[in-house]
Amino acid sequence: MKPDVPPPYPPRLSTGVAGLDLILEGGFVRGSVYIAEGPPGAGKTLLANQLCFHGARNGERALYVTLLAETHERMLTYLRRMAFFDEALIPDHVYFISAFRALQQDGLPALLRLLRETIMQRQATILIIDGMVTAEEISLSRSASANALMQDAGSSQHFKQFIHDLQTICSMTGCTVLLLSSTERPRLFHPAYTMVDGILELTNELSGLKTIRQIHVRKMRGVAQVVGKHHFEIRDAGVVVHPRMETQLHSPEDSRESEEPIGEGKRVPFGVSQFDAMLGGGLPGCSATMIVGPTGTGKTLLGVQFLAEGARRGEPGLYFGFFERPSALLRKGQRLGLPLEQYAEAGLIEFVWQRPIEAVIDELADRLFTTVRRLKIKRLVIDGIQGFQAALDDYPDRVRGAFAAMTDELERLSVTTLYTVETREVFGPTVEIPVTGVSAVTQNIVLLRHVELRSSLRLLIAVLKIRDSQFDRTVRELRITSQGLRVEDAMDPQEQVLSLSALYPRSASSTLAGKSARFASSASSARFASSASSAKSAGSAKRVAKPKARKAGKRKR
Amino acid sequence: MKPRVLIVDDEFGLAEVIAEILCERGYDAVIAMNGKLALAEMQQTPPQFVMLDVMMPVMDGPTLLGHMQQDPRLASIPVVLMSSLAESSFASVRALYREFVRKPFTPEALYDLVERYAGRPESA
């Protein structure tokens, strides 16, 4: 997600797909020959047409040659749905021809003649050959060798010669070539592929019930491409490639990396005086905070309060959520007396909502960082980190790296971030963080809980951790009122509060002492164990030791 | 004598289907894969009617229309331009063809065009 890419050398031809250009350091090298291969339906034809129409809009002249039985009319019918398609560019700037018959009648030399003649005649700067498998098959069938092995070798030789001649024509004319080849499964080696300048592999594979589309740049001469596989989608806009977010991190060598994020060391308050006091004046600037709690404890409210306070101070904020629509959030704001709508209209709060289904992590990250950069966001609430987690379900080994990349980048962009994390247990002695990898990259943790107090339910708020800072460890009550959020004085230490009762038995203080409560993380999950009895059932997670808690209590007595 | 129809289209599958339909109806249908081959064919044996695609390798439809205008033997041969694009894309050569038909078209539309411009075969 580097915003500025220096002009690439050698000169490039933009693919018309921003994410792919990013992977290719600006696009295809002009005058080179590339192959895009993949199974039927992978998106090769779409990608090629997108390249042609994008190029045509920028003054290129594209020649699209089919070697398929499918008619151009049929292809155009599908293309008309796509946003990049513009019939006015045909035939002057995008030109479709079929070379099937020439190839069938006279083989690869005839195809080459036809291509050379038409490239020069049309002054084409982009050439697509759709259906290279047909060329290979016809080349094979025309090979005169009787022996099957020799026939194959002969065919390969012809095909390599064809690629070589095509490269010569294109380097003379400056025409960039993309050959499209259908393969049911990726081929590890094809003799002719040693000749081409680059290979793109497109795949669409089922994962459960959903299709995952990926693009892999297997070879790219003269380009330091972003290696590995990247997600892509097919939308009405065309092919949209999302480079893997981990690869878009700024490297330590990046000059800007050495710069301190703006606001680091400052405090970012919520505008709830007693809570801000608990935090030592607010959250540390540019830090990441987890707001942990079960459903209905006010995580989202705390998030919108954080954004509203930022807006009041003129700091642009972004709500990036999965579960609550903007309209519902505006209503919530009204109940708290927060003028969210007014802030949104003033451009001080942006709401971005997406369904938590079938999302792709790189797409989410792309959307998030695009908005953060565009609006120069200073305060961010990611409401429901599980939405991001779900987008990583297919890649469990990416979880840690992805969250680390996201958090680092947000810090670099001087954004103070809140992640809300919903815990499974509404009541009970343990708090389990259901998202792996987040706790390791967040510097601050705030816990929200339901508690039972004199037969009524109250909300409890406690600060578990603040980066490199002193903070108030007192457990307090959080109240949601029409005048806003309020944090009360310390709860009566003699009260038996539901889940924390065992932690502070008859204690003189309701402090969440570091020595008696630990926020623990393990490879698979993180738990905050708030009682000794629960510790027995807390499995492998680190736990609060009951004797220790009692000891603390005794000492105070 | 069968009316001679020249089908000029690089999409050979489509050209073959048109030719077969016309042959079944009693026409003498000939295929050329591009404008250059079509011009040579016409100069050798002028057809009664030409169905002409636009985008083709070597020589495209509009260029062939220009050549036909230059040749007195070919200038009066009726041409129907066929394309999957809208007719507005070819405004610059509108005076050089009789009619436009958008691909895909039905066999009935084809019969109608051929009968109007090449006449009805005696056997039909």
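Details of the structure are given in the entry above.
Residues numbered from 1 in each chain as written. Chains lettered and ligands numbered in written order. Predicted model: local features only at pLDDT ≥ 70, side-chain atom pairs only at ≥ 80, totals over all residues. Heavy atoms only, no water.

A.B. asks: Requested: an account of the overall build of chain B, with residues and values cited.
C.D. replies: For chain B, the count of helices and strands is four helices and five strands. N-terminal to C-terminal, the α/β element order of chain B is β-α-β-α-β-α-β-β-α. Here chain B, with 124 residues, has 55% of them falling under the buried criterion. Carbon together with sulfur atoms contributes 51% to the accessible area of chain B, which is approximately 5,500 Å² in total. (Helix = DSSP H or I, 4+ residues; strand = E, 2+ residues; numbered from the N terminus. Buried < 20%, exposed > 50% of the residue type's maximum accessible area, 1.4 Å probe, protein only. Areas by Shrake-Rupley, 256 points an atom, 1.4 Å probe, with all protein chains shown as cover.)

A.B. asks: Could you give an account of the sheet that holds strand β1 (residues 4-8) of chain B, naming the residues involved and the relevant values?
C.D. replies: Residue and element names in this part refer to chain B. Ordered in space as β2-β1-β3-β4-β5, the five strands form an open sheet in which the pairing is parallel. Two strands in the sheet have a free side with no partner beyond their single neighbour: β2 (28-32) and β5 (99-102). Looking at each pair of strands side by side, their axes are set apart by 20° on average, direction ignored. Both strand β3 (residues 49-53) and strand β4 (residues 79-83) contribute to a ladder of four bridges, which runs parallel. Opposite L52, over in β4, you have L81 as the bridge partner. Sitting on the sheet, helix α1 (residues 12-24) touches β1, β2, β3 and β4, and the angle it makes with β2 is about 170°. Packed onto the sheet, helix α2 (residues 35-44) meets β1, β2 and β3 and runs at close to 165° relative to β1. (Pairing = 2+ DSSP bridges. Axes fitted to C-alpha atoms, helices over the stretch in contact; angles between N-to-C directions. Contact = heavy atoms within 4.5 Å.)

A.B. asks: Describe the sheet that holds strand β7 (residues 176-182) of chain A, with residues and values.
C.D. replies: Residues and elements named next belong to chain A. With mixed pairing, nine strands are arranged side by side in an open sheet as β5-β4-β6-β7-β3-β8-β9-β10-β11. Of all strands in the sheet, those bounded by a partner on one side alone are β5 (94-98) and β11 (238-242). Between one strand and the next, the sheet's axes are offset by a mean angle of 25°, whatever the strand orientation. When strand β3 (residues 33-38) meets β7, the two strands line up parallel, connected through six bridges. Bridge pairing links V33 to V177 in β7. Strand contacts of helix α3 (residues 72-79): β4 (62-66), β5 and β6 (126-130), with the helix running at about 140° to β5, the strand carrying the most contacts.

A.B. asks: A description of the interface of chain A and chain B should follow, citing residues and the corresponding values.
C.D. replies: Tallying the contact residues gives 22 residues for chain A and 20 residues for chain B. Buried surface at the junction of chain A and chain B, both sides included, amounts to about 1,700 Å², of which 57% is carbon and sulfur. Area buried by chain A at its contact with chain B is led by E73(A), Y95(A) and R101(A), which between them contribute 28% of it. For the pair chain A and chain B, the number of links is two salt bridges. R122(A) is the salt-bridge partner of D60(B), the closest N and O atoms lying 3.7 Å from each other. Our count for the contact surface shared by chain A and chain B stands at seven residue pairs in polar contact (both at pLDDT 80 or more). Elements supplying a minimum of two residues to the side of chain A that touches chain B: α3, β5 and α4 (100-122) of chain A. (Buried area = accessible area lost by both parts, 1.4 Å probe. Salt bridge = Lys/Arg side-chain N within 4 Å of Asp/Glu carboxyl O. Polar contact = N/O pair within 3.5 Å; in protein donor to acceptor, adjacent residues only side chain to side chain.)

A.B. asks: An account of the packing of aromatic side chains is needed here, citing residue identities and associated values.
C.D. replies: A complete count under the given rule lists twelve aromatic pairs over all chains for this structure. Between F90(B) and F100(B), the ring centres sit 6.0 Å apart and the planes meet at 35°, which makes this aromatic pair tilted. Here F90(B), found in the loop between β4 and β5, pairs with F100(B), found in strand β5; they are ten residues apart in sequence, far enough to count as distant. Note on accessibility: F90(B) and F100(B) belong to one class, buried. By way of ring pairs, the aromatic residues F53(A), F84(A) and F85(A) are connected into one cluster. One Lys or Arg, R122(A), reaches over the ring of Y95(A) and ends 3.8 Å from the middle of that ring. Between R25(B) and the ring centre of Y111(B), over which it is positioned, the NZ or CZ distance is 3.6 Å. (Phe/Tyr/Trp six-rings, centres within 6.5 Å; stacked < 30°, edge-to-face > 60°. Lys NZ or Arg CZ within 6 Å of the ring centre and 35° of its normal.)

A.B. asks: Mind laying out unusual backbone geometry, listing which residues take part and the relevant values?
C.D. replies: Going from I90(A) to P91(A), the amide bond is cis rather than trans, its omega being 0°. Within the secondary structure, P91(A) sits in the loop between α3 and β5. For the bond running from K103(B) to P104(B), omega is -5°, close enough to zero to count as cis. One non-glycine residue, C286(A), lies in the positive phi region at around 65°. Structurally, C286(A) can be placed in the loop between β13 (283-284) and β14 (288-293). Even without glycine at this site, V58(B) takes up a positive phi of about 70°. Position of V58(B) among the secondary structure elements: in the loop between β3 and α3 (61-70).

A.B. asks: Talk me through the pattern of salt bridges; I want residue IDs and the actual numbers.
C.D. replies: Summed over all chains, the structure comprises 36 salt bridges over all chains. With a closest N to O distance of 2.7 Å, R235(A) and E233(A) form a salt bridge. Given a relative accessible area of 34%, R235(A) falls into the partly exposed group. Between R94(B) and E87(B) there is a salt bridge, and its shortest N-O distance comes to 3.2 Å. Since its relative accessible area comes to 35%, R94(B) is described here as partly exposed. The exposure class assigned to E87(B) is partly exposed, which follows from its relative accessible area of 29%. Put simply, R458(A), E477(A), R479(A), R486(A) and E488(A) are held in one network by salt bridges that share partners.

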